[in-house]
Amino acid sequence: MPGEWTQVRLAELKAEMAAALPALGIDKIGVASASPFTALKQTLVRHRELGRESGFEEPDLDKRTEPALLFDDPQSIIAIAVAYPSKLADAPKSEPGARRGILSRSAWGEDYHHVLRDRLARLEAWLSERLPGFRAESMVDTGALVDRAVAERAGIGWSGKNCAVITPEFGSWVYLGEMITNVPFPPDEPVIQGCGSCTKCIDACPTGALVGPGELDAQRCVSFVTQTKGFLSDEMMRKMGNRLYGCDTCQIVCPVNKGLNWTQHVELRPDPEQAKPLLVPLLSIGNREFKEKFGSSAASWRGKKPIQRNAVIALGNFKDASAVPALADVLRDDPRPVLRGTAAWSLGRIGGAGAAAALREASGQERDPEVSAMIREALSSRPAGAADGQAPNR
Ligand code: SF4
Ligand code: SF4
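Residues numbered from 1 in each chain as written. Chains lettered and ligands numbered in written order. Predicted model: local features only at pLDDT ≥ 70, side-chain atom pairs only at ≥ 80, totals over all residues.

> Describe the overall build of the protein, naming the residues involved and giving the relevant values.
Broken down by element type, the protein carries 18 helices and ten strands. Relative to the globule expectation of 21 Å for 394 residues, the C-alpha radius of gyration of the protein, 23 Å, shows essentially globular dimensions. Across the 394 residues in the protein, those meeting the buried criterion constitute 44%. Considering only contacts within the protein whose residues lie at least 6 apart along the sequence, 78% involve residues at least 24 apart. (Helix = DSSP H or I, 4+ residues; strand = E, 2+ residues; numbered from the N terminus. Rg over C-alpha atoms; globule rule 2.2 N^0.38 Å. Buried ≥ 20, exposed ≤ 12 C-beta atoms within 10 Å, placed from the backbone. Contact = placed C-beta atoms within 7 Å.)

Here is the structure:
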């Protein structure tokens, strides 16, 4: 039984586990105590009071901070990190008439939830072979615990001012997962390296979502907003640029990440056409085609609607007049008000005679009051002539 293992033997086993990491497909491992995350709970309560949650989190703050509510007699938490690519080799060009959007690096390659679950299962099997009576409960992202808080306590990395866990070895280009166990492995020390006086991520955030060092207002964060399904504000749409899913700006500017690109995990290598897809074909993509093209990516978890809405926004931000016919089709024919209203916004942003004609035609037919208001707004604010501009292409 685990209770018969001495701390000396468990320390040896930890060293063996570290040596086995390449075979397990894991890049870094650390052990945290399973005691409650008391300080984190206070932060989460404050965060909730200030309305800064994304809405995607586990709602029960006790479950998020007390491992004992999730697992019978927890003795330790093993945190794992798997590094992922940050660079796109042979990236297709986004050109006039063939504009492209971009998926966040966290959605490149195979869905990291699957990859991390595979790695945690391998680790669990490895430990079960060596520890009779071993029990564990693994989780990735959607589990109750806060991955980043566990990783920080387990010495995987420090919590950056951009709210990412930054490892000294791999930067913040790491996926995190954890496993609560019934074995009292000796815990690791937290990483003491920190951000120092750097504020690059806070300065670069397009929406001011980093409201302080390590403090994120998820409601203003492009990464979360791209995953929502409703209408967005004019300000947010302008600032989203051509992002279809997620946002990497506060990681790209981080000096610790400079030059780091991790390609050792074959499943996580990006398909350039998936990572940087053409925008116009997305507007009319069918369910089956969407599944074939994006179903393997973490970006597909909310379905095609948010990505299509974001593609409409990106085309407006590019101000590329060649997109007007496709946007006019969406405005006239798409059954979803959010898509029609957003297409009106984009046509208004592009401007020109073709966009104005499409908006006028739609204004006589539209029955949804919110979409009608967006059409009127687009007609009154559209620029005099079509322009061909550039959206940020991170
Ligand atoms: S992900 Fe983008 S929007 Fe969110 S905090 Fe970072 S830079 Fe700002
Ligand atoms: S950009 Fe600077 S402040 Fe932000 S996480 Fe990186 S090191 Fe820290």
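Next, the rest of the story.
> Account for unusual backbone geometry, with residues named and values stated.
The phi dihedral of Asp73 falls on the positive side, at around 55 degrees, and the residue is not glycine. The exposure class of Asp73 is exposed, given the 9 C-beta atoms found within 10 Å. In this structure, Cys163 takes a positive phi of about 75 degrees despite not being glycine. Summarising the element assignment, Cys163 is placed in the loop between strand 5 (158-159) and strand 6 (165-166). Taking the C-beta count within 10 Å as the criterion, Cys163 has 18 such neighbours and is therefore assigned partly exposed.

> With reference to specific residues and values, describe the sheet that holds strand 4 (residues 136-139).
Strand pairing in a sheet relies on backbone hydrogen bonds. The paired strands run either parallel or antiparallel. Taken together, the four strands give an open sheet; going across it, the order is 1-2-7-4, and neighbouring strands pair in antiparallel fashion. For this open sheet the edge positions go to strand 1 (28-32) and strand 4, each flanked by a neighbour on one side alone. Averaged over all adjacent pairs, the angle separating strand axes in this sheet is 20 degrees, with direction ignored. By the bridge criterion, five bridges tie strand 1 to strand 2 (residues 76-83) in an arrangement that is antiparallel. Bridge pairing links Ala32 to Ile77 in strand 2. Seen against the sheet, helix 5 (residues 112-130) touches strand 2, strand 4 and strand 7 (174-181) and runs at an angle of roughly 40 degrees to strand 7. (Pairing = 2+ DSSP bridges. Axes fitted to C-alpha atoms, helices over the stretch in contact; angles between N-to-C directions.)

> Now, about the packing of helix 16 (residues 337-350) against helix 18 (residues 369-381): what can you tell me, with residues and values included?
Orientation of helix 16 relative to helix 18, taken along the N-to-C sense of each, is 5 degrees, at an axis distance of 8 Å. Compared by their axis directions, helix 16 and helix 18 come out roughly parallel. Contacts from Pro337, Arg340, Gly341, Ala344, Trp345, Leu347 and Gly348 of helix 16 reach helix 18 at Glu370, Val371, Met374, Ile375, Glu377, Ala378 and Ser381. Of the residues belonging to the contact of helix 16 with helix 18, the class tally is eight nonpolar, three polar and three charged. (Parallel < 35°, antiparallel > 145°, perpendicular 65-115°, else oblique. Nonpolar A, V, L, I, M, F, W, Y, C, P; charged D, E, K, R; others polar.)

> Can you explain the domain arrangement of the protein? Please cite residues and give values.
Domain parsing of the protein yields domain 1 (2-92 + 105-181) and domain 2 (207-246 + 279-381). Taking only C-alpha atoms, the centre of domain 1 and the centre of domain 2 are 35 Å apart. Counting residues at the interface gives 14 residues for domain 1, matched by 14 residues for domain 2. A class-by-class count of the residues in the side of domain 1 that touches domain 2 yields three nonpolar, six polar and five charged. (Domains from an automatic or database assignment.)

> Break down the site of ligand 1 for me, citing the residues and quoting the values.
Lining the immediate surroundings of ligand 1 are 13 residues, of which Cys205, Cys221, Cys247, Thr249 and Cys250 lie closest. When contributions to the shell around ligand 1 are tallied by element, the ones reaching two or more residues are helix 8 (222-225) and helix 10 (249-252). Along the lines of polarity and charge, the residues of the shell around ligand 1 split into nine nonpolar, four polar and no charged. (Near = placed C-beta within 6 Å.)

> Run through the packing of helix 17 (residues 353-365) against helix 18, naming residues and quoting values.
Interhelical geometry of helix 17 versus helix 18 gives an angle of 145 degrees and a closest axis separation of 10 Å. The chirality of how helix 17 crosses helix 18 is left-handed. Judged by residue contacts, Ala356, Leu359, Arg360, Ala362 and Ser363 of helix 17 engage Ser372, Ile375, Arg376, Ala378 and Leu379 from helix 18. (Left-handed = near helix turned anticlockwise from the far one by under 90°.)

> Lay out the site of ligand 2 with the relevant residues and their values.
Surrounding ligand 2, one finds Gly160, Lys161, Asn162, Cys195, Cys198, Thr199, Lys200, Cys201, Val253, Cys254, Pro255 and Val256. Among the residues forming the shell around ligand 2, the class breakdown is seven nonpolar, three polar and two charged.

> Can you break down the nonpolar core residue by residue, with the values?
The biggest cluster of nonpolar side chains holds 102 residues, and the ones touching the most others in it are Ala79, Ala81, Val82, Leu327, Ala344 and Leu347. Look past the residues within four positions of Val82 in its chain and what remains in contact with it is Ile26, Asp27, Val115, Leu116, Arg119, Val174, Tyr175 and His265. (Core = buried A, V, L, I, M, F, W, Y, C linked by C-beta atoms within 7 Å.)

> Outline the environment of Cys221, listing residues and values.
Locating Cys221 in the fold gives a position in the loop between strand 9 (215-216) and helix 8. As for Cys221 and Asp320, which are separated by 99 residues in sequence, their C-alpha atoms are 26 Å apart. Those residues in contact with Cys221, other than ones at most four positions away along the chain, are Thr207, Ala209 and Leu216.

> Quick one: what's the story with the pairing of strand 7, residue by residue and with numbers?
In terms of burial, strand 7 is largely enclosed, as eight of its eight residues are buried. Every second residue of strand 7 is oriented toward a common face, with Val174, Leu176, Glu178 and Ile180 on one face and Tyr175, Gly177, Met179 and Thr181 on the other, all of them buried. Bridge count between strand 2 and strand 7: eight bridges; the pairing is antiparallel. Across the sheet, the residue bridging to Ala83 is Val174, located in strand 7.

> Go over the environment of Lys161 with me, naming the residues and quoting the values.
Along the polypeptide, Lys161 turns up in the loop between strand 5 and strand 6. Judged by C-beta crowding, with 21 C-beta atoms within 10 Å, Lys161 ranks as buried. In this structure the C-alpha to C-alpha distance between Lys161 and Gly303, which are 142 residues apart in sequence, comes to 31 Å. Apart from the residues within four sequence positions on either side, Lys161 is in contact with Cys195, Thr199, Cys201, Ile202, Leu210, Pro213 and Gly214.

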